[in-house]
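These are the residues of each chain, in order.
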Amino acid sequence: MQELLTFTIIGLSTGAIYAVVASGLVVTYTTSGIFNLAHGATGMLAAFTYWQLRFDWDLPAPLALFITLFVLCPIFGLVTERFVMRGLQGTSEVVKLSVTVALFAFMIGLANWIWPSDSSREAFLKFYEGNKVSIFGINISWHKLITFGCAILVAIVLRLLLYRTRMGVAMRAVVDDRALTELNGGRPDRVAMFAWALSAMLAGLAGVLLAGEQQLNIEPLVLLVINAYAAAIIGRLKNLPMTFAGAAVLGLLDAYYLQFSDNSWFPQSIMGFGISGMRASIPTIVLFIALIARPQTRLRAGIVRIREHNKVPAWSTSIMGAVALIAIVVAISGMLTRSNTLLLLNGFTFAIVALSLVPLTGYAGQMSLAPLTFAGLGAIAMSKLPGDGNFFTLIVAIVIVALVGALVALPAIRLSGIYLALSTAAFAVLVTKLVFNQKQTFMSGNISVPVLDVPFFEINTPRGRLILASIAFSVLGLGVVAIRRSRLGRRLIALKDSPAAAATLGMSLTRTKLAAFAISAGIAACAGALAGDKVSPQQYDFTQSLPIVLLTVVGGVGTVGGALFGGLMLGGNSVLASVVPTLKNVTKILPGTIGVTLGRNPSGAASQIADAYRSLANRWNLLAFAAAGGIVIWILDAKYVISHWAFFIGGVFWILAVTPNLVGIMQAPRNRQIIASVYLAIGVIIAISVDWDNAVDSTGKRLIALVLLIALFGVGAQRVAENAPRIHRSSPDVIGLTTDFTDEELDRAERELGVVL
Amino acid sequence: MTQPILELRNVRASYGSIEVLHGVNLSVGRGEVVALLGPNGAGKSTMIKVVSGLLRPTSGQLMIGGRDVTGAAANALARAGLCTIPEGRGIFPNLTVRENLLMATYSGHKLSDIEESTYSRFPRLSERRTQLAGTMSGGEQQMLSLARALATDPVILLLDELSMGLAPLIVAELYQQVAAIAAEGVSVVVVEQFARTVLGVADQAVLLAHGKVQVAGKASEIGEDVLAGAYLGS
Ligand SMILES: Nc1ncnc2c1ncn2[C@@H]1O[C@H](COP(=O)(O)OP(=O)(O)O)[C@@H](O)[C@H]1O
Ligand SMILES: [Mg+2]
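What about the coordination of the magnesium ion (ligand 2)?
All names here are of chain B.
Item 1. The protein atoms that coordinate the magnesium ion (ligand 2) are Ser45 (OG) and Glu87 (OE), at distances of 2.0 to 2.3 Å. With Ser45 in helix H1 (residues 44–52) and Glu87 in the loop between strand E6 (82–85) and helix H3 (97–103), this residue pair connects regions lying 42 residues apart in the sequence.
Item 2. Ser45 sits in the buried class, given a relative accessible area of 17%.

Here we look at the sheet that holds E6 of chain B
Residues and elements named next belong to chain B.
Item 1. Spatially, the 6 strands line up as an open sheet ordered E6-E7-E8-E3-E9-E10, and their pairing is mixed. Looking at the sheet topology across the chains shown, the edges are occupied by E6 and strand E10 (212–218). Adjacent strand axes in the sheet meet at a mean angle of 15°, parallel and antiparallel pairs treated alike.
Item 2. Note that E6 and strand E7 (residues 156–160) share 4 bridges and pair parallel. From the neighbouring strand, Thr84 faces E7, where its bridge partner is Leu158.
Item 3. Helix H6 (residues 138–151) rests against E6 and E7 of the sheet, and its axis sits at about 170° to E6.
Item 4. On the sheet, helix H7 (residues 168–183) packs against strand E3 (33–37), E7 and strand E8 (187–192) and is oriented at approximately 155° with respect to E8.

Looking at the sheet that holds strand E1 (residues 6–15) of chain B
Residue and element names in this part refer to chain B.
Item 1. Spatial strand order, E2-E1-E4-E5: 4 strands in an open sheet with antiparallel pairing. In the strand order of this sheet, the two ends are held by strand E2 (18–28) and strand E5 (67–68), each with one partner.
Item 2. In this sheet, E5 lies alongside strand E4 (residues 59–64) in antiparallel orientation, the contact comprising 2 bridges. Within E5, the position partnered with Ile64 by the bridge is Arg67.
Item 3. Packing of H1 onto the sheet brings it into contact with E1, E2 and E4, and relative to E1 it is tilted by some 115°.

Looking at the interface of chain B and chain A
Item 1. Counting residues at the interface gives 23 residues for chain B and 20 residues for chain A.
Item 2. Of all residues in chain B, Phe92, Met103 and Tyr106 of chain B give up the largest surface area on contact with chain A, accounting jointly for 30% of the area buried on that side.
Item 3. The interface formed by chain B and chain A holds 1 salt bridge in total.
Item 4. In this structure, the connection of chain B to chain A is made through 7 residue pairs in polar contact (both at pLDDT 80 or more).
Item 5. Contributing elements (two or more residues each) for the side of chain B that touches chain A: helix H2 (74–79) and H3 of chain B.

Reading guide: rules and limits
- Residues numbered from 1 in each chain as written.
- Chains lettered and ligands numbered in written order.
- Predicted model: local features only at pLDDT ≥ 70, side-chain atom pairs only at ≥ 80, totals over all residues.
- Heavy atoms only, no water.
- Donors = N, O, S within 2.8 Å, 3.2 Å for Na, K, Ca; no water.
- Helix = DSSP H or I, 4+ residues; strand = E, 2+ residues; numbered from the N terminus.
- Buried < 20%, exposed > 50% of the residue type's maximum accessible area, 1.4 Å probe, protein only.
- Pairing = 2+ DSSP bridges.
- Axes fitted to C-alpha atoms, helices over the stretch in contact; angles between N-to-C directions.
- Contact = heavy atoms within 4.5 Å.
- Buried area = accessible area lost by both parts, 1.4 Å probe.
- Salt bridge = Lys/Arg side-chain N within 4 Å of Asp/Glu carboxyl O.
- Polar contact = N/O pair within 3.5 Å; in protein donor to acceptor, adjacent residues only side chain to side chain.

So this is what it looks like as structure tokens:
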């Protein structure tokens with residue numbers, strides 16, 4: 001009994017932290033419609049900041065706390081809202097989610113950069129370390145009491161704020177009717193900034209409290225948010241009391257599991273499968289159940305989706321592109337060093353994974369955060385199935401994983417948008433925790449995936465595998481094009497554009513969705529099954545999936561070219577890290593930084609670049625030119641013609657200044673075309689020919705020079721080409737979702753269509 | 001002639017790439033009541049959105065009190081004394097009556113004053129002050145949205161289809177209140193699809209169809225035949 005009470009208290013104090021985190025999630029979701037996947041990462045950064053102030057710089061605890069929670073956290077929230085989230089109004093959930101994924105990646109990169117994991121940070125102390133009180137004969141540390149107190153305080157303050165103050169009422173008013181809030185004279189932008197600041201404070205508070213309980217480590221602090229997701233979903237993302245109750249239940253489940261699993265009769269494994277990952281999976285399982293148990297939202301409360309303006313890919317250009325891609329890879333792969341070959345191979349593997357998102361997310365509009373998980377399953381299947389690299393083994397592996405994909409989609413089939421995305425995240429975490437750590441799968445941490453057995457060709461070399469990967473990408477890419485052009489492809493598009501209309505026309509939503517998931521899982525499985533090398537479970541971790549999703553959305557998830565771009569970009573990032581070690585830290589935050597700008601003001605430079613890239617994705621000739629240029633610069637570096645710094649500056653210049661301008665230049669009148677091209681060419685020559693290593697003496701100055709170069713030549717060329725007739729630019733919203741139908745409009749539409757329900 | 005308080009000069013507005021207003025002009029004098037009439041889809045609500053600042057015109061000017069306020073934020077115009085009751089119900093359904101009134105305090109008036117003014121005019125709302133506004137009857141909801149106009153002492157009032165979906169008796173009651181507001185010297189633009197409801201209180205009538213002003217003139221001079229013709233799309 002005594003013991004049960006102890007564990008109850010432990011559980012409730014854990015739940016108290018979850019509650020604080022979850023309430024922050026709810027605050028931003030309700031006021032801005034953005035589910036902030038980076039919420040846990042905010043708490044993590046706050047905990048590290050507090051550690052820095054308190055234990056490294058020895059500020060007194062109250063001061064350190066005040067600065068962290070009441071100065072830095074709110075500023076962080078304000079900046080996030082103002083510069084990242086505000087531009088997201090009216091974009092699709094895929095874009096919104098991707099931006100928070102980007103923020104997540106950015107913050108993890110930043111934390112890794114500032115606080116590398118090797119430096120010791122054991123000094124993180126609980127509040128009033130060592131002090132305990134005894135209640136009912138149970139010893140409770142002051143830290144736990146404080147945690148409780150904070151949760152209760154948060155509950156009270158939120159309640160008072162939301163119902164007793166005008167700011168709080170305005171927060172709820174914005175949810176109800178944003179335009180009307182404005183017509184009343186309220187400022188929704190300020191309300192949103194306030195909400196994000198508040199949310200960041202709540203995340204920070206939870207982070208600091210949790211870091212005292214556990215160690216100061218990036219991962220557990222970030223994944224904390226998963227537990228909070230579960231609580232927030234139990235509260236239907238809006239109901240705070242329910243959220244708090246959900247958090248308490250989660251905390252208790254965790255504590256009781258801990259207590260029971262301590263008993264000698266508690267099994268170590270079930271049917272031969274170890275369950276050591278079970279405890280960490282409980283919140284995810286609860287999340288999964290809570291998601292599936294959600295009452296179904298009415299289909300007809302639909303949304304106008306403006307069709308994505310990706311043209312249906314033509315066979316001729318697709319085949320030409322595929323052949324050209326393989327030819328380029330064959331040609332350059334002979335010139336690469338072994339390590340560079342492996343890096344490029346990595347990029348192609350990512351590109352295949354990214355390709356798996358095209359039919360699912362790009363065509364069908366269903367967001368998945370688990371593409372790499374399926375790749376991991378593919379790798380396991382390939383290595384465990386008999387046949388040792390036999391082609392049929394590959395097919396069987398793909399089919400098995402595709403079936404798993406459909407199976408996983410089955411319970412989640414009625415979910416959409418954020419809920420679907422979360423359920424795929426839950427699946428990914430579960431697989432990581434429960435499947436990848438079994439002795440039947442990644443037994444010793446590494447497994448060997450056999451190389452595909454191709455007659456007459458020796459591909460057991462990095463170069464062979466690289467060529468194989470490029471062929472696989474091309475073939476699969478053509479397959480995806482074939483899908484898009486088929487009846488199924490039109491169904492997938494219909495699923496995205498208007499589920500309600502599709503259903504009215506007698507289409508089976510369930511079957512179409514299942515097909516999309518199965519195809520996607522199958523393609524991703526290929527990426528794993530073709531690894532042809534030792535692979536480790538870390539490669540397929542949930543957190544690794546996020547940058548892929550992110551960069552694919554940046555590249556344009558609706559096209560095969562976008563997938564290639566996303567994959568190579570991610571691969572290129574690691575190329576950058578290995579070629580220019582000084583920039584290793586920059587590469588940690590690069591994908592996040594690029595993604596965050598998705599939501600920037602469309603006239604912002606980076607999102608324009610993303611826009612330009614997206615319009616590029618349909619133009620194989622320009623794309624090939626851009627790729628060729630990048631490769632030339634790379635080769636110049638690999639052959640020691642230019643220095644690493646010239647490579648870096650030239651490469652970034654190529655990516656950020658030249659490539660985005662290609663489409664604009666193509667459409668400019670002849671004379672402007674020439675001027676702009678010459679202008680850019682001068683920029684490129686300067687970028688790669690200056691002896692940066694000796695001419696400029698510090699990294700900082702070199703980076704400034706780079707920015708100036710881009711500003712001068714990139715923007716200059718854009719200005720020159722500007723007067724050209726603009727091509728239709730798709731919005732940053734790749735999926736293309738704009739305004740909500742009002743109920744009234746829906747009624748009218750239904751009456752006119754004669755489908756009165 | 002005195003300067004108009006509200007003026008639209010050759011305003012064009014569009015949703016995405018679809019233009020809805022093709023250059024409309026409107027001039028509202030101080031204390032004048034203008035009826036904006038027109039068939040469904042004519043662009044009346046769009047015009048109200050432009051005037052209230054919710055939709056930025058693609059070209060043309062919006063003048064208020066002689067100043068060019070094209071592109072000003074809706075909330076800034078609202079705080080400057082432009083009160084808009086939008087189409088549908090101009091209330092927050094998930095806030096209580098009292099919280100709805102609290103939102104009206106952005107106009108600079110004290111909550112206690114707003115409450116007093118509202119409850120004295122609409123005693124029914126006083127009984128429902130802690131009820132969620134969305135759970136009230138349509139007439140009560142429209143009273144609540146009018147209450148904002150009555151209590152916050154605006155300079156210009158825009159009303160979009162106040163009568164939609166309401167019983168004639170209630171409509172008559174609401175328009176009595178509108179007449180009372182107008183009598184205090186507030187300039188009012190009233191949008192209605194059906195002219196008879198509103199021509200009685202209006203000084204001027206403007207007929208909009210296909211995104212253009214078809215007829216504008218004294219309310220008393222607009223005859224049934226003109227209206228009928230416009231509605232039939234002649
Ligand atoms: N949010 C919107 N997006 C796109 N088109 C719209 C939107 N609102 C109205 N429209 C279109 O603009 C036109 C004018 O609409 P509206 O101003 O509401 O007319 P009224 O109020 O006179 O009935 C209609 O054709 C309508 O379909
Ligand atoms: Mg209307």
